Amino acid sequence: MNRFPIFFRWLVATALVDWLIGRMVTRSAIAMPKSPPVIAVYQALTVFGQLAFTFTGLLTLLVAIWIAWQSWQTRRATGLAFALPILIVLNTISLFVASAGWLAVGYQLLVMAAAAIVGGQVWRGDGEIKKKIAWSIPALALLAGGLYQVLPAFYVALRWSGPPPFTELLFNVGELLVVFSPVGLWWAVGQDAVSPYKWATIPALAFVAAYLLNPALTAIIAIWSTGLTLYLPWPLYALSLWLASAVVIVSLRRGDAEGWALLLLAAGGYAPQLSTQALLGLAGLWLLNSAPDSQPGAGTSLQPASQPIPVLSQTTAKAGKS
Amino acid sequence: MNKRYLLSLSLLVALAIALTFFKVPIASSQGLTLVAAQMSGDLPATDPNSDLWQKATAVQVPLSAQNVTRPILLDTRVKSVTTRALHNGSQIVILVEWADETRNEQMVRVQDFRDAVAVQFPLAEGQPFFCMGQLGGNVNIWHWKADWQADIAALQDMETLYPNMYTDQYPFAVGALPAPADYTDANYVPALASGNLFAAVHASPVEDVIAGGFGSLTAQPADGQNVQGFGAWAAGKWQVIFSRDLTSKEQDDAAFTPGKMYSIAFAAWDGENNERNGQKSTSQWISLQVEGAAKVTNPPASGSANSQMNLQVILVLFGPIALIVLLTLGLVGIVFLISKLPD
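K.L.:
What's the story with the pairing of strand E1 (residues 33-38) of chain B in this structure? I'm lost.
P.N.:
Consecutive side chains of a regular strand alternate in pointing toward one face of the sheet and then the other. All names here are of chain B. Taken across its 6 residues, E1 has 5 buried, putting it largely inside the fold. Pairing analysis gives 4 bridges linking E1 to strand E14 (residues 286-290), with the strands arranged parallel. Among the inter-strand pairings, Leu34 is bridged to a residue of E14, identified as Leu288.

Take a look at the structure:
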């Protein structure tokens, strides 16, 4: 992770705060007693979550610009150098013009194109097929979510009567891919000599307890915070969460980027409702596919962090340590 | 972390605080959007099978059982609704369709429950809690009821269900089985006399209500009931049309302007499954885009009013843009200056 600029770490930290506090903890207020101290606490958490959301959005835009710059400089995944800036421009336009019709179609198609470009990179180098498959599953999940969102926009733009077919099937397939993404990553890189499974059970057990105690509230919070509907049997989600936690722990131990990428993908959510969340998912996917394990034969062609984008001063190898 | 990164982080945090404080958005919604297509002429307010509906793109909205507050029924039957919307600059119509094998339009017996559907609009800025709004976040709900629809055709009462029932006498009424209008003294039909919507002859199958959280549902006054509706059931499917003027003078009515985006949510009840009150299927908020350019319906009478309105438009339109540009330029400039600082 030291190979990337420090704002990647800032992004992961703020994205987690936005996700866990802004979209999860504050949403649990519906089940809390409404005493004045509780109300005051939740009001404070809401403001904090809103601040984290804005900060995450700013950092996401910054990271997207940096990724586009890197892609241009290294001539690797050059399409990103065009797709990401256009996405940022469309995001800004959408703040003042309703994002519907061709604007929405263009946005979603660009998101899908960027996901395909990033996901396709892993197949270019030499490497184990299981790692290529594992790295492709999150990209396919992003593509499925994008397709689910672009179809209705297409119908509106073309003024077709609709409704578009197979949307529910598409959404469910994408959710299945989301659930299996951590499984694939664990299979490829998550197995470690030092077992991470003990600590990884904590989030999984928390989910199981919440689901068994109050499945309705758990489902509400899940769909609000991640976009998942929990339509699959709940043990699958528990298993996925367990293995995702294991991958995060293992990659943190090794100093690799897979865990950070997984956290960004989780914070971005599935079939995200906000434009910056879609960019967050792309940033997570890019980070995942820029990890050394994703290109075992080709090695990384990233610029080292000692040569960040020109707007920052010439930072030496000290930047790699911060 | 060296000074440069610390300053950059501080500037970003300051920018985030400023954007949050001034409520400047940096992300746009990419969720489901229902577009109310613009057309000219009369809208199909009573014909759900009209070809005019094909001008609007249908959106399938998933529903799930209301499971936030009691009473809760987890196994509700309506899993999704399909909706379209049209407007002609003065009125808006919304068509909602859903599958329902049974037609439940009688509420005569206490154990009978009606089929129903509702659309909900926020009255305040933003999206209040999707389930009936919240304190400080009222919602305007248009609630179509199947039994009200049936009552418009023929008023239903005990005699509808028990045609052979016998009554001795209805005092102060004309006729053996009087309707409310047959009573000579309104004091003997107190619900009707007090303006209770449930006792009155229904002019519309839609009840126009507002809510600000669970248990706060309040019907608008009788003279404020301005939403029309039409519902038809055939071959296991309900088709319901809501129609109303785009704008309304009432404070508690949602108002629509062509060219703008709003939020809308849906709820449905299957009477056969004993669904009523909070035991229903609900959707999350989705976007409603009213197609077309905003029209100036009331041109200013004087030059000063015109210049004032132009200033307001400039401030509203360009204020956020100017703020973002200034803050961004400021950030870039400061970062540039910082880059010139020695390590």
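After that view, the rundown keeps rolling.
K.L.:
What is the right way to look at the interface of chain B and chain A in this model?
P.N.:
When the parts of a complex come together, some accessible area is lost, and that lost area is often used as the size of the interface. Every contact between the two is made by 45 residues of chain B and, on the other side, 48 residues of chain A. Summed over both sides, the interface between chain B and chain A buries roughly 4,000 Å², with carbon and sulfur atoms accounting for 66% of that surface. Its largest share of buried area at the contact with chain A, chain B owes to Tyr5, Ile26 and Gln30 of chain B, together 20% of the area lost on that side. In this structure, the connection of chain B to chain A is made through 1 salt bridge. Across the salt bridge formed by Arg159 of chain A and Glu291 of chain B, the nearest N and O atoms sit 2.6 Å from each other. In this assembly, chain B and chain A are joined by 9 residue pairs in polar contact (both at pLDDT 80 or more). No other element matches helix H1 (residues 3-21) of chain B, which puts 11 residues into the side of chain B that touches chain A. Split by residue class, the side of chain B that touches chain A holds 25 nonpolar, 15 polar and 5 charged.

K.L.:
Would you explain the layout of surface pockets in this entry?
P.N.:
A water-sized probe, rolled over the atoms, reveals where empty space remains. Residue and element names in this part refer to chain A. Put simply, the second largest pocket is a space of about 1,300 Å³. Contributing to the lining of the second largest pocket are 46 residues, with Trp19, Thr226, Leu228, Leu241 and Ala266 lying nearest its centre. It is helix H9 (residues 234-254) that contributes the most residues to the lining of the second largest pocket, 7 residues altogether. Classifying every residue of the lining of the second largest pocket by side-chain character gives 33 nonpolar, 13 polar and no charged.

K.L.:
So what exactly am I meant to see when it comes to the pattern of salt bridges here?
P.N.:
Pairs can form between side chains of opposite charge once their charged atoms are near each other. Residues and elements named next belong to chain B. Under the defined criterion, the tally for this structure stands at 9 salt bridges over all chains. The salt bridge involving Asp147 is made with Arg114; its shortest N-O contact spans 2.5 Å. Of this pair, Asp147 sits in helix H2 (residues 146-153) while Arg114 sits in the loop between strand E5 (91-99) and strand E6 (116-122), and the two are 33 residues apart along the sequence. With relative accessibility at 6%, the residue Asp147 sits in the buried group. Glu207 is paired through a salt bridge with Lys145; the nearest N and O atoms lie 2.7 Å apart.

K.L.:
Help me understand the side chain of Asp151 of chain B in this model?
P.N.:
Residues and elements named next belong to chain B. Looking at where Asp151 falls in the secondary structure, it is placed in helix H2. Notably, Asp151 is buried but unbridged: the nearest opposite-charge side chain belongs to Arg114, and the N-O separation is 7.8 Å. There is a polar contact of 3.1 Å between the side chain of Asp151 and the backbone nitrogen of Gln156. With residues up to four places along the chain from it excluded, the contact list for Asp151 reads Gln156 and His202.

K.L.:
Is there a simple way to explain the packing of aromatic side chains in this structure?
P.N.:
Centre distance and the angle of the planes are the two values used to describe a pair of aromatic rings. What the rule picks out here adds up to 27 aromatic pairs over all chains. Ring geometry for Phe8 of chain A and Trp286 of chain A: centres 5.9 Å apart, planes at 25°, overall stacked. Separated by 278 residues along the polypeptide, Phe8 of chain A in helix H1 (residues 6-25) and Trp286 of chain A in helix H11 (residues 275-290) bring together distant segments of the chain. The interplanar angle of 40° and the centroid separation of 6.3 Å between the aromatic rings of Trp142 of chain B and Phe242 of chain B together place this pair among those described as tilted. Remark: Phe242 of chain B occurs in strand E11 (residues 237-245) and Trp142 of chain B occurs in strand E7 (residues 139-145); sequence separation between them is 100 residues. One aromatic cluster is present, formed by Phe4, Phe7, Phe8, Trp66 and Trp286 of chain A through successive ring pairs. Over the ring of Trp148 of chain B we find Lys145 of chain B, and its NZ or CZ is 5.0 Å from the ring centre.

What counts, and at which threshold
Residues numbered from 1 in each chain as written. Chains lettered and ligands numbered in written order. Predicted model: local features only at pLDDT ≥ 70, side-chain atom pairs only at ≥ 80, totals over all residues. Heavy atoms only, no water. Buried < 20%, exposed > 50% of the residue type's maximum accessible area, 1.4 Å probe, protein only. Helix = DSSP H or I, 4+ residues; strand = E, 2+ residues; numbered from the N terminus. Pairing = 2+ DSSP bridges. Contact = heavy atoms within 4.5 Å. Buried area = accessible area lost by both parts, 1.4 Å probe. Salt bridge = Lys/Arg side-chain N within 4 Å of Asp/Glu carboxyl O. Polar contact = N/O pair within 3.5 Å; in protein donor to acceptor, adjacent residues only side chain to side chain. Nonpolar A, V, L, I, M, F, W, Y, C, P; charged D, E, K, R; others polar. 1 Å grid on protein atoms, 1.4 Å probe; cavity = no way out; pocket = protein on both sides within 12 Å on 5 of 7 lines; lining within 4 Å. Points joined across faces, edges and corners; volume = space filled by probe spheres on them. Lys, Arg positive; Asp, Glu negative; His and termini not counted. Phe/Tyr/Trp six-rings, centres within 6.5 Å; stacked < 30°, edge-to-face > 60°. Lys NZ or Arg CZ within 6 Å of the ring centre and 35° of its normal.

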